[in-house]
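Structural overview
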Amino acid sequence: MSHYTSLSWAAMPAQLPLAKLNARTKLSWNEPARMVLDNFSDQDPLHVHTSTKLKHADAIMDGAGARYICVFDHQQRLTGVLALRDLHGRQAVRLAKELSIAHDDLSVDYLMKPISQLPLITYQQLERARIGDVVATLQKSGQDFLLVQEEGQIVGLVSSLNIVERTGESVQVRHHVESFVDILHAIKHSDDIE
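Right, let's walk through the structure included here.

Rules and cut-offs
- Residues numbered from 1 in each chain as written.
- Predicted model: local features only at pLDDT ≥ 70, side-chain atom pairs only at ≥ 80, totals over all residues.
- Heavy atoms only, no water.
- Core = buried A, V, L, I, M, F, W, Y, C linked by side-chain atoms within 4.5 Å.
- Buried < 20%, exposed > 50% of the residue type's maximum accessible area, 1.4 Å probe, protein only.
- Helix = DSSP H or I, 4+ residues; strand = E, 2+ residues; numbered from the N terminus.
- Salt bridge = Lys/Arg side-chain N within 4 Å of Asp/Glu carboxyl O.
- Pairing = 2+ DSSP bridges.
- Contact = heavy atoms within 4.5 Å.
- Axes fitted to C-alpha atoms, helices over the stretch in contact; angles between N-to-C directions.

Turning our eyes to something else, we now look at the nonpolar core. L126, V134, V148, V158 and I163 are the most contacted members of the largest nonpolar core, which totals 19 residues. Of all elements in the fold, only α4 (123-128), α5 (131-141), β7 (145-150) and β8 (153-159) reach the threshold of two or more residues within this core. A total of four residues in this core trace back to one element, the largest contributor, which is α5. Ranked by size, the runner-up nonpolar core spans 16 residues in total, among them V48, M61, A92 and M112.

Here the structure, examined in full by the defined rule, presents five salt bridges. In this structure, E165 engages R67 in a salt bridge whose closest nitrogen and oxygen atoms are separated by 3.7 Å. On the criterion of sequence distance, the pair formed by E165 in helix α6 (residues 160-167) and R67 in the loop between α1 (54-64) and β3 (68-72) is long-range, its members being 98 residues apart. Residues E98 and R94 are paired through a salt bridge, measuring 2.9 Å at the closest nitrogen-oxygen approach. Remark: R94 and E98 occur in helix α3 (residues 90-99); sequence separation between them is four residues, near one turn of the helix.

Taken in spatial order, the four strands make up an open sheet running β1-β8-β7-β6, and their pairing is mixed. Two strands bound the open sheet, and with one partner strand each, they are β1 (38-39) and β6 (120-122). Here three bridges tie β6 to β7, and the two strands are oriented parallel to one another. If you follow L120 over to β7, its bridge partner there is L147. The sheet strands contacting α6 are β1 and β8, and the helix crosses β8 at an angle near 55 degrees.

What follows covers the pairing of strand β4 (residues 78-83). Among the six residues of β4, six are classified as buried, and the element is accordingly described as predominantly covered. Sheet analysis places β3 next to β4, joined by five bridges and oriented antiparallel. From the neighbouring strand, Y68 faces β4, where its bridge partner is A83. In the sheet, β4 pairs with strand β5 (residues 113-114) via two bridges, with the strands oriented antiparallel. Within β5, the position partnered with G80 by the bridge is P114.

Read these as layout, nothing more, since geometry by itself doesn't imply function.
Given below as structure tokens:
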């Protein structure tokens, strides 16, 4: 303990006002993109297993106040991302009906967005980018999530919902269909497209 120095302090008055909580300042789209990164090096991502039932995933997200959850496989590798809004969307209801099971008994792997369908950039690209650049990437890819990797490992994720929350600006992402079957399904069920 000899290499530490005691700090000087003052006696506490009988009453002191509390500092007012500052509302989080809204970011501009010109700010550095790293400001909207959910950095997994700082905090492990909220996650569930691929076989987790929707009811359980919903409870976890609700308890954490999260808008998305990462999905891991048996080897603890990231395999997908599930947005909160997808838990109760038309696709979830339709899928439960097609499989003849209760909505809550669907597992998250039916609704998650596989990481193979998400855009992936390097951390170095993110460091040079602005929030607006990330928004343009999300819009061009038609996805709500952007993965960030460094040295072959996923180190974070940027979500369109986080950008909306931090900037107050709408992020209009037009979701792309992945196959001819998806196109036919979109035509047949055009009310499913949100």
